[in-house]
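# Coordinate analysis (summary)
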Amino acid sequence: MAGDPTRFFCAEAARARGDGLAGTAPHGRVWVLIEHPGGWPPNGFEGLGLEPALAARVFAAARSRRARLLLVRRPGRRRAAGPRRWAVLHHDARGQHRQTWGTWEAEADLGGVVDALRGPGTAGHPPVVLVCAHGTHDACCAVRGRPVAAALGARHPDLVWECTHVGGDRFAANVAVLPDGVYYGNLDAPSALRTLTEHLAGRVGAAHLRGYTDLPPPAQVAVAALLARHGPAARHAYAVVGTEPTDGGWRVRVAGAPPQPALSEVDVRAHRTAPHRLTCRGEAPSTFLAHEAVTVRTLRGPSR
C-alpha cells in the first residue's frame, strides 16, 4: 500500500500470516440497506443522528429479524438525482431471494423499512453487490475497497454499491453478493471483476470465497473445500446434510447436485490462533478461531 511505510495495515498483516478466508462469512439472511451519500460515521447507521424514536423503531425491527443494517452509496460518492433509496433483502431457508425497495427524503420515510421487515418481499430482482469501503471504521476497507468498487461499478453500475462495515476488515477488499449471501475477500480490481463475472454466470469459485452466510463456519469450510477440489459450482449446488463433532473439529456431510459428487464428507479442524492485531484501528491483539478442511472424501460419485 502507498503511504507511510511504518503504518500498520491489517489486510497486509493478514496476508503475511496467511489467514484463511474460508469459514469467515458472518451469519445473515436479512439485510437492510439505507442510501447515505458522502462521509459515513465510524459506527454507521447509529451515527447518523436520526430522530431517536425513529432510529429505535428501525433498530428494533432489524433486531427482531436478525437483520444487518448497512449504509450504502454508489461508488465514488456520486449522488443520483432524486430521493435516496432503501432496501430490505431476504435469503430464506429454501434459498429463495426476495427484496423490497423504497425511497426516502424525510427521516419519517424510513418507517417503510419497519413495514418491509415484516413483509415477505418480492422475487425477480437483480442481485445487489456490496463493496465495503468504510474508511472511518478501518483504513484497509477504504484503501482496498474503493478501487474495487470503482472497477465493479464501471462494469455493473446498477448492481454495485459501496457499503459500511461487513466484517472481516483484514480480508479487504470484501465483496458481498446479496441476497445470495455470498462473501468474497482478498480482492483487488482484476480479481473482483473475474469473481463477479463468474458469480453472475452462476459459478461460485473457492479462490476468494469467505463463505455462505446461511451456514456456520465448519459448513462454510466444507463447501469451500469441495469447490476447490471439483471446481466452481452454482450457489446451491451443495447442501449440508449433516454435521457431527469430532476430536478437535467436525465431520460435515454435503450432498451435491449433478455433476457434483452426490455425497461427500469433509473433516474440518479448528484451532485458536496466537494473538494478533486484527484491524487497523484496534491496537490490542486478539485471537480468532481458524477453521481448515483436513480431509475430503467422496462417498458417492455424481449421479448419471
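Criteria and cut-off values
- Residues numbered from 1 in each chain as written.
- Predicted model: local features only at pLDDT ≥ 70, side-chain atom pairs only at ≥ 80, totals over all residues.
- Heavy atoms only, no water.
- Phe/Tyr/Trp six-rings, centres within 6.5 Å; stacked < 30°, edge-to-face > 60°.
- Helix = DSSP H or I, 4+ residues; strand = E, 2+ residues; numbered from the N terminus.
- Buried < 20%, exposed > 50% of the residue type's maximum accessible area, 1.4 Å probe, protein only.
- Lys NZ or Arg CZ within 6 Å of the ring centre and 35° of its normal.
- Pairing = 2+ DSSP bridges.
- Axes fitted to C-alpha atoms, helices over the stretch in contact; angles between N-to-C directions.
- Salt bridge = Lys/Arg side-chain N within 4 Å of Asp/Glu carboxyl O.
- Expected span 1.5 Å × (residues − 1).
- Contact = heavy atoms within 4.5 Å.

### With respect to the packing of aromatic side chains
For the coordinates displayed, the defined rule picks out two aromatic pairs. Considering the side-chain rings of Phe45 and Phe59, the 5.1 Å spacing of their centres and the 80° angle between planes classify their relative orientation as edge-to-face. With a gap of 14 residues between them, Phe45 in the loop between strand S1 (30–35) and helix H2 (52–64) and Phe59 in helix H2 connect regions that are remote in the sequence. We classify Phe59 as partly exposed; its relative accessible area is 28%. Between Trp101 and Trp161, the aromatic rings sit 6.4 Å apart at their centres with planes inclined by 25°, giving stacked as the arrangement. Of this pair, Trp101 sits in strand S4 (residues 97–104) while Trp161 sits in strand S6 (residues 160–163), and the two are 60 residues apart along the sequence. Accessibility expressed as a relative area gives 25% for Trp101, which makes it partly exposed. Since its relative accessible area comes to 3%, Trp161 is described here as buried. Directly above the ring of Phe288 sits Arg170, whose terminal nitrogen or CZ lies 4.3 Å from the centroid.

### Details of the sheet that holds strand S10 (residues 238–246)
Within a sheet, adjacent strands bond to each other through the backbone by hydrogen bonds, running parallel or antiparallel. Pairing is antiparallel in the open sheet, where four strands are placed in the order S10-S11-S12-S13. Whereas interior strands pair on both sides, the edge strands pair on one side only; in this sheet they are S10 and strand S13 (289–300). Each strand of the sheet is rotated relative to its neighbour by a mean of 20°, with strand direction disregarded. Bridge analysis of S10 against strand S11 (residues 249–256) gives eight bridges, and the strand direction is antiparallel.

### Digging into the pattern of salt bridges
The final tally for this structure, using the stated rule, is 11 salt bridges. In this structure, the salt-bridge partner of Glu265 is Arg253, at a minimum N-O distance of 3.0 Å. In this pair, Glu265 is assigned in strand S12 (residues 263–272) and Arg253 in strand S11, connecting sequence segments 12 residues apart. For Glu265, the salt bridge goes to Arg297, with nearest N and O atoms at 2.8 Å. You can see Glu265 sitting in strand S12 and its partner Arg297 sitting in strand S13, a full 32 residues away along the chain. Taking relative accessible area as the criterion, Arg297 reaches 26% and is therefore assigned partly exposed. Because the salt bridges share partners, they merge into one network encompassing Arg251, Arg253, Glu265, Asp267 and Arg297.

### Some points on helix H5 (residues 189–200)
With 12 residues, H5 extends 16 Å between its outermost C-alpha atoms, agreeing within 8% with the 16 Å of an ideal straight helix rising 1.5 Å per residue. When H5 is considered as a whole, its buried residues turn out to be Ser191, Ala192, Leu193, Thr195, Leu196 and His199. Those residues of H5 hidden inside the fold are in contact with strand S5 (128–132), helix H4 (139–155), strand S7 (175–178) and strand S8 (182–184). With its phi angle positive at about 90°, Gly202 sits one or two positions after the end of H5.

### Re the environment of Thr295
The topology assignment puts Thr295 in strand S13. If we ignore the near neighbours within four places in the chain, the residues touching Thr295 are Glu265, Val266 and Asp267.

### Quick word on helix H6 (residues 217–230)
One full turn of an α-helix is made of 3.6 residues, so residues set three or four places apart face in the same direction. In a regular helix each residue adds 1.5 Å, so 14 residues correspond to 20 Å; H6 covers 20 Å between its end C-alpha atoms and thus fits that length. Of all the 14 residues making up H6, 10 are buried; the element is thus mostly covered by neighbouring parts of the structure. Regarding H6, the residues found buried are Pro218, Ala219, Gln220, Val221, Ala222, Val223, Ala224, Ala225, Leu226 and Leu227. Buried-residue contacts for H6 involve strand S9 (209–212), S10, S11, S12 and S13.

### Things to note about unusual backbone geometry
Cis peptide bonds are those with omega within 30 degrees of zero, and the linkage from Leu178 to Pro179 qualifies with -5°. For Pro179, the location among the structural elements is in the loop between S7 and S8. The peptide bond linking Pro258 to Pro259 adopts the cis configuration, its omega dihedral lying at 10°. Even without being a glycine, Arg66 presents a positive backbone phi close to 55°. The topology assignment puts Arg66 in the loop between H2 and strand S2 (68–73).

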